[in-house]
Amino acid sequence: MQETWANGSARASRAELSGVDLHLDLLGTRVRAGLESALRGAVRDGRLRPGTRLPSSRALAADLGIARNTVAEVYSQLVAEGWLTAQTGSGTSVAPGRAPDPGAGAAARPEVPVPRYDLRAGVPDLSAFPRRAWLATARKVLATTPDHLLGYPDPRGVPPLRAALADYLARARGVTADPEHIVICAGFAHGLAGVSRALRSAGASTLAVEAFGHQAHRDIAAGQGLRLRPLPVDGMGAVIGEAAGADAVLLTPAHQFPLGVTLHPRRRREAAGWGGVVIEDDYDGEFRYDRQPVGALQTLAPDHVIYAGTASKSLAPSLRLGWLVVPPRLLDTVTAELAAGPSALDQLTLAEFITSGGYDRQIRRARLAYRRRRDRLAAALHRQGLQVTGIAAGLQAVLEFSRTGVERAVIDRASQHGVTIDGLEHYRAGESPPAGDGRAGLVIGYGRPPEHAFTTALARLCAALPGEPR
C-alpha cells in the first residue's frame, strides 16, 4: 500500500520519540561510506564508549534524513568488523573491547583514588546521608511546587528556603536573620569567593585569616585580589588584636578549624566591636557534645558580620547548598557576585526538609553517632597514653606532637598502614617552619569513614603511633 503523508509523519514521530541523540558528521558524497567512517571515528576517539547503545536504524535514519536500509547495512558491516554488537531485543551497541586510540580526543584527567581508610578532616560520613527521607521530600516538592517557582529564581535564592533558614538559624544558632538578608550560595567556597569579590570592589585590600585553616579558602580569597594576614591562634582562639589595619577578617569562632578552640568571650567582644567586616564560618555549628552550644558571633554585630553556614557537614558536600546572612549595606554587592547558585529544586527540597522537621532529626542522629565515634577515638588513644584536644564539638580532634619531624614520620607510617591523614602543617598559613619548630600534630577527622570501616581505621591509626617520641 502506498505510504501516505500522515502515515509517514506518524512513523517519523515514533522514531524521534524512541531514539537517542547522536551527533555525526557525514563527509563526502557517498552516504553509506560517510556514515561508516563517522561511526568508526566516534568509537575510535572515545565519543562513543564501549557499551553505548546506538539509536535504532529507523531513528538514526530519521535524524540524518537518509534511508533506513542504508543505516541497517552500515550497522551490519560494523558488527561484522567488530566495532559494534547487535542482539535481538537489545539493539545495537559499541563493542565492549573497543577503547579509544591513545592520545585521541581530550586527555581525560585521572580520577583520584579513594583512600581505603580516610581520617582527613572536613567531610562527614557520606553513607549516613538520609537518602530515603530526602527522596520523599524531593517527591513532595515536585508534586506540590507552584509552576512559577520553577522559573529563574531570585538571585538571593528561593523565598521558601530563605524563610525556613531565617527561622532555623534564629532558633538553633541564635542568628539575627531577616529572610531578605539571606543569600543562598553553592557551598562555603562559592560564598567566600563572592564575598571576597564584593569586598575587593568596595575597596578592601587585606583579609586577616587564622594562622591555621583551610588552604583552599586562603587561595580563594587571594585569588580575588585580597592580601592575606595570618592571625595567631592560642588557647583563647584567634588573636583579634593582630587584625588591626586589615579590612576584613575570616574567623571560625564557635570551633576553630582545625584546632578546635572556641573564641574566648573577651575576643568575641573584640571581634564584634572591630571596625572591619567579619566573615563568620560556622562550618559545624550544630555538632556540640560536652557543653552548651556557642551561639553565632553574628548576633553581637549583625551590621558588620557576614554569617556563613552550609549543609555540607549536616547532609553532604555534593548538595552544594550554603547560605550567607549579609548586613544590609553589603547585600546588593554580595548578591551581584553570587550568580549561578544551586538548583532551585534542591533549594526547595531543603526548605521542605527544614520545615518538616527532617533536618533537625538528621542532625540529632548525626550528633549522637559522631559523639560515639569521638569517644571511641579518645578512649583508644588514651589507652596508649595519648590525649586529643578540641573535641568538645565538631568532627575532628587534634593530637599534638612536639616537633614537625614527628608529625611527618607518623603520617608516613599511617600511610603504610593504609590510613590517610593530615597534620597541622597541612593547615598552616604561610611557609612551613623547619622540622623541630612550630606547632605540630595530627588532625584526626572521625566523621568521614563509613561506620563499618571506622573501627579498622582507628586500629590502623593506633598501630602507627606507639613508640613514637613526642
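Scroll up to find the structure.
Below is a short write-up of the structure. (Residues numbered from 1 in each chain as written. Predicted model: local features only at pLDDT ≥ 70, side-chain atom pairs only at ≥ 80, totals over all residues. Heavy atoms only, no water.)

## Topic: empty space enclosed by the protein
The tally for this structure, following the rule as stated, stands at three cavities of 30 Å³ or more. Considering the residues around the largest cavity, the lining is formed by E210, G237, A238, L251, T252, P253, Q256, V261, T262 and L263. Of the residues assigned to the lining of the largest cavity, the class counts are five nonpolar, four polar and one charged. (1 Å grid on protein atoms, 1.4 Å probe; cavity = no way out; pocket = protein on both sides within 12 Å on 5 of 7 lines; lining within 4 Å. Points joined across faces, edges and corners; volume = space filled by probe spheres on them. Nonpolar A, V, L, I, M, F, W, Y, C, P; charged D, E, K, R; others polar.)

## Comments concerning the sheet that holds strand β13 (residues 396-401)
Spatially, β13-β16-β15 is the arrangement adopted by the three strands of the open sheet, whose pairing is antiparallel. Both outer strands of the open sheet, β13 and β15 (422-423), are each paired with one neighbouring strand and no more. Summarising the sheet, β15 and strand β16 (residues 440-445) pair through two bridges and their orientation is antiparallel. Among the inter-strand pairings, G423 is bridged to a residue of β16, identified as L442. The strands touched by helix α13 (residues 404-416) are β13, β15 and β16; relative to β16, the strand with the most contacts, the crossing angle is about 40 degrees. (Pairing = 2+ DSSP bridges. Helix = DSSP H or I, 4+ residues; strand = E, 2+ residues; numbered from the N terminus. Contact = heavy atoms within 4.5 Å. Axes fitted to C-alpha atoms, helices over the stretch in contact; angles between N-to-C directions.)

## So, the environment of D21
In this fold, D21 is placed in the loop between α1 (5-18) and α2 (31-44). Taking the C-alpha atoms as reference points, D21 and V334, separated by 313 residues in sequence, lie 40 Å from one another.

## Description of the environment of A189
Take A189: it is sitting in helix α7 (residues 188-201). In this structure A189 comes out as partly exposed when scored by relative accessible area, which is 30%. Remark: the alpha-carbon pair of A189 and H217, spanning 28 residues in sequence, is separated by 6.7 Å. (Buried < 20%, exposed > 50% of the residue type's maximum accessible area, 1.4 Å probe, protein only.)

## Regarding the packing of α2 against helix α4 (residues 68-81)
In a pair of packed helices, the angle between the axes and the distance between the axes together describe the arrangement. The N-to-C vectors of α2 and α4 enclose an angle of 45 degrees; their axes lie 10 Å apart at closest approach. Here α4 runs oblique to α2, going by the angle between their axes. Crossing of α2 against α4: the hand is right-handed. For the pair α2 and α4, contact is made by V31, R32, L35, E36, L39 and R40 and by T70, V71, E73, V74, Y75, Q77, L78 and E81, respectively. Looking at the contact of α2 with α4 residue by residue, the class counts come to seven nonpolar, two polar and five charged. (Parallel < 35°, antiparallel > 145°, perpendicular 65-115°, else oblique. Left-handed = near helix turned anticlockwise from the far one by under 90°.)

## Overview of the pattern of salt bridges
Tallied over the entire structure, the rule returns 24 salt bridges. One salt bridge connects E36 with R40, and the closest N-O pair in it is separated by 3.0 Å. Here the residue E36 and the residue R40 both occupy positions in helix α2, the gap between them amounting to four residues, near one helical turn. For the pair E36 and R40, a shared accessibility class is recorded, and that class is buried. Residue D234 pairs with R267 through a salt bridge whose shortest N-O separation is 2.6 Å. (Salt bridge = Lys/Arg side-chain N within 4 Å of Asp/Glu carboxyl O.)

## Describing the sheet that holds strand β11 (residues 305-310)
Taken together, seven strands build an open sheet; the order of strands is β4-β12-β11-β10-β9-β5-β6 and the sheet is mixed. Where the open sheet ends on each side, the last strands, each with one partner, are β4 (182-185) and β6 (227-231). The average undirected angle you get between the axes of adjacent strands in this sheet is 20 degrees. Here β4 pairs with strand β12 (residues 322-325) via four bridges, running antiparallel. Across the sheet, residue I184 finds its bridge partner in β12, namely W323.

## Brief notes about the pairing of strand β5 (residues 206-210)
Within a regular strand, side chains alternate between the sheet's two faces. Counting buried positions along β5 yields five of five residues, so the element is predominantly enclosed. Side chains T206, A208 and E210 project from β5 onto one buried face, and the interleaved L207 and V209 project onto a second face that is buried too. Each parallel crossover has a hand, and for β5 linked through helix α8 (residues 215-223) to β6 it is right-handed. Pairing of β5 with strand β9 (residues 248-251), which is carried by three bridges, proceeds in the parallel orientation. Each residue of the ladder has a partner; that of A208, found in β9, is V249. (Right-handed = clockwise from strand over helix to strand, strands pointing away.)

## Focus: the packing of helix α6 (residues 159-173) against helix α11 (residues 344-355)
Contact geometry for α6 and α11: axes closest at 8 Å, N-to-C directions at 35 degrees. Of the two possible hands of crossing, α6 and α11 adopt the one that is left-handed. Contact residues: α6 offers P160, L161, A164, L165 and Y168, while α11 offers Q347, L348, L350, A351, I354 and T355.

## Comments concerning the side chain of Q347
Mapped onto the elements of the fold, Q347 is located in helix α11. Under the relative-accessibility criterion, Q347 is labelled buried at 3%.

## Focus: the pairing of strand β10 (residues 277-281)
Counting buried residues in β10 gives five out of five residues, a clear majority hidden from the surface. Here four bridges tie β9 to β10, and the two strands are oriented parallel to one another. Its bridge partner being in β10, L251 is matched across the sheet by E280. Regarding the hand of the β-α-β motif, the stretch spanning β9, helix α9 (residues 265-273) and β10 is right-handed. Alignment of β10 against β11, held across four bridges, turns out to be parallel. Across the sheet, the residue bridging to D281 is A308, located in β11.

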